[in-house]
Structure formats: C-alpha cells, structure tokens
Amino acid sequence: MAGQRLGEFELIARYFAPLAADAPGAFGLRDDAAVIALPAGEELVVTTDAMLDGVHFLIKDGAARIARKLLRVNLSDLAAKGARPIGYQLAIALPEELANDEWLSAFCGGLAQDQKAFGIALYGGDTVRSPDRLMLNVTAFGAVPAGMMLRRGLAQTGDDLYVTGSIGDAALGLEVKLNHRLFSAAAMMFFDSRLHLPTPRVAFGQELRGLAHAAMDVSDGLVQDAGHIASASGLRAIIHADAVPLSLATRQAVTDDKNLLSTVLTGGDDYELLFTAPPRNAPDIAALSRRVGLAVTRIGGLEAGSGVSVLDSSGQPLDLARGGFQHFGGALE
Ligand SMILES: [Mg+2]
C-alpha cells in the first residue's frame with residue numbers, strides 16, 4: 001500500500017471483515033449495526049476499555065501484543081462479572097504512520113489469535129484517522145443467566161477476600177520497562193509476559209456465579225481495587241500482606257528489595273480476580289480452584305467500616321508508598 005491512502009471501506013473489507021466471519025449477527029460488517037441473539041433467560045453484559053498510546057501501551061510493544069492485551073483486559077472484565085464472552089466491537093483512531101499493511105496485518109493477526117483462543121468474534125466498530133496518537137477502544141459483550149452478573153457492591157460483613165493467581169508480576173514488568181530496573185533474565189521475561197499478555201480468568205469467573213458475593217478484576221492495583229469493593233459494599237477490607245500470593249520471581253524480588261512490596265501490592269495490570277465469599281463457601285471455592293487448575297488464595301476479609309487496611313505479620317497496618325496504579329502518564333487510568 002506504499003504511497004497509497006487506504007480508504008475506510010477497503011480497511012474494513014480487507015482487515016476487519018474476516019474477524020467477523022464467526023459472528024452470525026455481524027453480517028460481514030456490511031450493515032450499520034449488528035444483532036446479538038441471546039438464549040432465553042440470559043442477559044447481555046457490556047463493558048468498555050479504551051487504551052491510548054503513551055498511557056496504556058507504547059507502539060514499540062508491537063501491534064500483535066497491543067491487540068491481544070486490548071482484548072484480554074476487556075475479557076478480564078467479563079470474567080470478573082461471571083459472564084460467558086460472546087464478542088466485541090472495536091473503535092480505532094489510527095494515525096497515518098500506522099495505516100499500512102505491515103502494522104494492520106500484525107494488529108489484526110493478534111486479534112484473530114485471541115478471538116480463537118477465547119471463542120469470540122468481532123461485531124463491528126469504527127475507524128477514524130487520528131491526527132495524533134493511536135487510540136483503541138473495545139466494547140465487549142458477554143452473557144449471564146438473568147440477574148446473576150457478579151457485582152462489586154454485594155460483599156457482606158464476615159466475607160472472606162480472595163484473589164486468583166499471583167499479584168505484582170505485571171507491576172515489576174512495568175518497573176523494568178519504565179524505570180529500567182534489573183532482575184534475572186528469566187524473571188524479566190516472565191514479568192514482561194505478565195504485563196503484556198495477561199490471562200483473563202474467563203472459565204473461573206463463570207464458575208464463581210452463586211459462590212461469590214462480590215467480584216472485580218485487579219487492574220488498578222490490589223489495594224485500590226479491594227478499596228473499590230469495600231466502598232461499593234459500604235464495608236472495610238482487610239488484607240494480610242503475608243497472605244498475598246506471589247510468584248517465585250516476585251517473591252525473590254521482594255526478598256531482595258523490601259521496598260518493592262508496596263509496588264507489588266499497589267501496582268496494577270494483574271488481571272486476576274478479586275472476590276468475596278462467605279466462609280461457608282470455602283470448600284466449594286477450593287474445589288473450584290482444583291477443577292479449573294487456578295490457584296486461589298484467601299488474603300483477608302470484609303468487616304464493618306470503610307476503607308482498606310493492609311496488615312503485616314504482627315497485625316500492624318503497613319504504610320504503602322503508592323495509592324494505586326497510574327499507568328505511564330500518571331494522569332489517566
Ligand atoms: Mg475491571
């Protein structure tokens with residue numbers, strides 16, 4: 001396409017229509033809108049996440065990885081709501097220098113790869129020429145049995161607080177990327193993959209329906225997101241720092257530099273599920289963890305009050321340096 005301006009019609013037909021092939025109501029992206037049919041008794045769950053060059057990613061991260069993270073952060077929100085993913089719409093503000101076959105093929109290749117991995121399809125969107133930076137916006141659609149969407153604000157006094165997987169790996173990946181911090185080569189590769197290719201806990205989230213009282217995904221940082229559940233539920237969250245699950249690489253990093261504990265607990269981009277459940281559900285949650293093959297750790301609980309307390313091993317509140325994740329620019333989330 002060198003020297004030739006790619007028209008919107010050609011952009012859609014060539015790059016985006018193939019991504020809609022498995023979406024029955026998308027009509028090959030040749031209509032103005034799409035139809036999403038739901039089985040009787042199900043409700044549509046809708047969520048949007050926008051990502052801006054320089055704030056949420058850098059162009060040098062690579063088109064395919066940017067595309068996959070874009071889908072995965074949205075799938076993570078569906079997972080946190082207990083939804084079965086269906087598909088998504090995509091709006092792109094594309095700067096001139098990226099409107100070429102090399103970039104668009106890689107970007108759409110990344111979308112195609114994760115569409116297949118997660119069983120979703122493209123249901124439409126819009127493309128505009130950006131005079132400035134690349135901006136991407138995905139609206140993702142999922143389904144739940146009517147009335148069963150997991151909410152942030154339904155935690156109850158006495159609930160246990162749980163998190164899946166491990167916390168802080170992506171935050172350390174960002175430390176490497178932005179602050180040029182050094183860890184072992186293997187650790188840096190692991191942190192980088194956790195930062196750029198999070199794993200949305202889609203199967204686990206759907207199984208949490210009926211077990212959890214409240215749930216959300218960890219995108220702003222564990223402490224800040226626990227605060228979101230607490231404030232939405234009108235309660236106080238307690239986190240035992242020693243109980244927070246860390247990968248081997250992150251545990252080593254925190255052992256070597258105690259100051260990193262605060263980065264780990266308040267950094268973002270984990271895309272693990274944070275949820276509360278009554279103590280009587282603990283055996284079912286342990287069984288679910290074994291069935292799905294995903295670690296789940298009880299890290300604290302909910303009590304009357306407000307805010308979040310992070311306690312050390314002697315039960316004293318920890319003073320954490322950072323309040324939450326601010327991405328690259330610091331101004332936006
Ligand atoms: Mg979220």
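Every value quoted in this text rests on a predicted model; they were computed, and no experiment measured them. (Residues numbered from 1 in each chain as written. Predicted model: local features only at pLDDT ≥ 70, side-chain atom pairs only at ≥ 80, totals over all residues. Heavy atoms only, no water.)

Caption draft 1: Inspection of the domain arrangement of the protein at higher detail. Under the domain assignment, the protein is made up of domain 1 (8-145) and domain 2 (160-311). Using C-alpha coordinates to define each centre, domain 1 is positioned 26 Å away from domain 2. Counting residues at the interface gives 20 residues for domain 1 and 19 residues for domain 2. The contact between domain 1 and domain 2 buries some 1,700 Å² in all, and 60% of this surface belongs to carbon and sulfur atoms. Counting the surface domain 1 buries against domain 2, the share from its top three residues, Arg65, Lys69 and Arg72, is 30%. Connecting domain 1 to domain 2 are three salt bridges. In this structure, Asp269 engages Lys69 in a salt bridge whose closest nitrogen and oxygen atoms are separated by 2.6 Å. Counting across the domain 1 and domain 2 interface gives nine residue pairs in polar contact (both at pLDDT 80 or more). (Domains from an automatic or database assignment. Contact = heavy atoms within 4.5 Å. Buried area = accessible area lost by both parts, 1.4 Å probe. Salt bridge = Lys/Arg side-chain N within 4 Å of Asp/Glu carboxyl O. Polar contact = N/O pair within 3.5 Å; in protein donor to acceptor, adjacent residues only side chain to side chain.)

Caption draft 2: Summary view of the pairing of strand E2 (residues 84-95). Burial within E2 is extensive, with nine of its twelve residues counted as buried. As judged from the eight bridges shared by E2 and strand E3 (residues 121-130), these two strands associate in the parallel manner. Bridge assignment links Ala93 to a residue of E3, and that residue is Val128. (Buried < 20%, exposed > 50% of the residue type's maximum accessible area, 1.4 Å probe, protein only. Helix = DSSP H or I, 4+ residues; strand = E, 2+ residues; numbered from the N terminus. Pairing = 2+ DSSP bridges.)

Caption draft 3: Highlighting the confidence of the model for the protein. Scored by pLDDT, the protein comes out at a mean of 94, with 95% of its residues at no less than 70. Low confidence marks residues 323-333, where pLDDT is under 50. Its contacts with residues over four positions away, or in another chain, come to 36 contacts. (pLDDT = per-residue confidence, 0-100.)

Caption draft 4: Main features of the environment of Leu136. With respect to the secondary-structure elements, Leu136 resides in strand E4 (residues 135-145). The class of Leu136 is buried, set by a relative accessible area of 0%. Along the backbone, Leu136 and Pro85 are 51 residues apart, and their C-alpha atoms lie at a distance of 19 Å. Setting aside anything within four residues of it in sequence, one finds Leu136 in contact with Asp49, Ala50, Met51, Phe57, Ile66, Leu70, Ala91, Ile92 and Phe107.

Caption draft 5: Just the nonpolar core, in detail. By size, the foremost hydrophobic cluster in this structure holds 61 residues, and its most contacted members are Phe16, Tyr88, Leu90, Phe107 and Phe275. Ranked by the residues each element gives to this core, the list is headed by helix H2 (residues 63-80), at ten residues. Summarising the domain contributions, this core has at least three residues from each of domain 1 (8-145) and domain 2 (160-311). Sequence-distant contacts of Phe275, that is, excluding residues within four places in its chain, are made with Asp160, Leu161, Tyr162, Thr164, Phe204, Leu208, Ala212, Ala214, Ala215, Ile285 and Val296. Within the second largest apolar cluster, 32 residues are counted, among which are Ala155, Ile167, Ala187 and Leu235. (Core = buried A, V, L, I, M, F, W, Y, C linked by side-chain atoms within 4.5 Å.)

Caption draft 6: How the structure looks around the coordination of the magnesium ion. Bound to the magnesium ion on the protein side are Asp77 (OD) and Asp217 (OD), at distances that span 2.1 Å. With Asp77 in helix H2 and Asp217 in strand E6 (residues 214-217), the pair connects residues that are 140 residues apart, well separated along the chain. Considered together, Asp77 and Asp217 belong to a single accessibility category, that of buried residues. (Donors = N, O, S within 2.8 Å, 3.2 Å for Na, K, Ca; no water.)

Caption draft 7: Looking closely at unusual backbone geometry. A positive phi angle, near 50°, is found at Phe27, a position not held by glycine. With respect to the helices and strands, the residue Phe27 is situated in the loop between helix H1 (8-16) and strand E1 (42-52). Residues other than glycine seldom take positive phi values, yet Asp269 does so here, at roughly 70°. Structurally, the position occupied by Asp269 is in the loop between helix H9 (260-266) and strand E8 (273-277).

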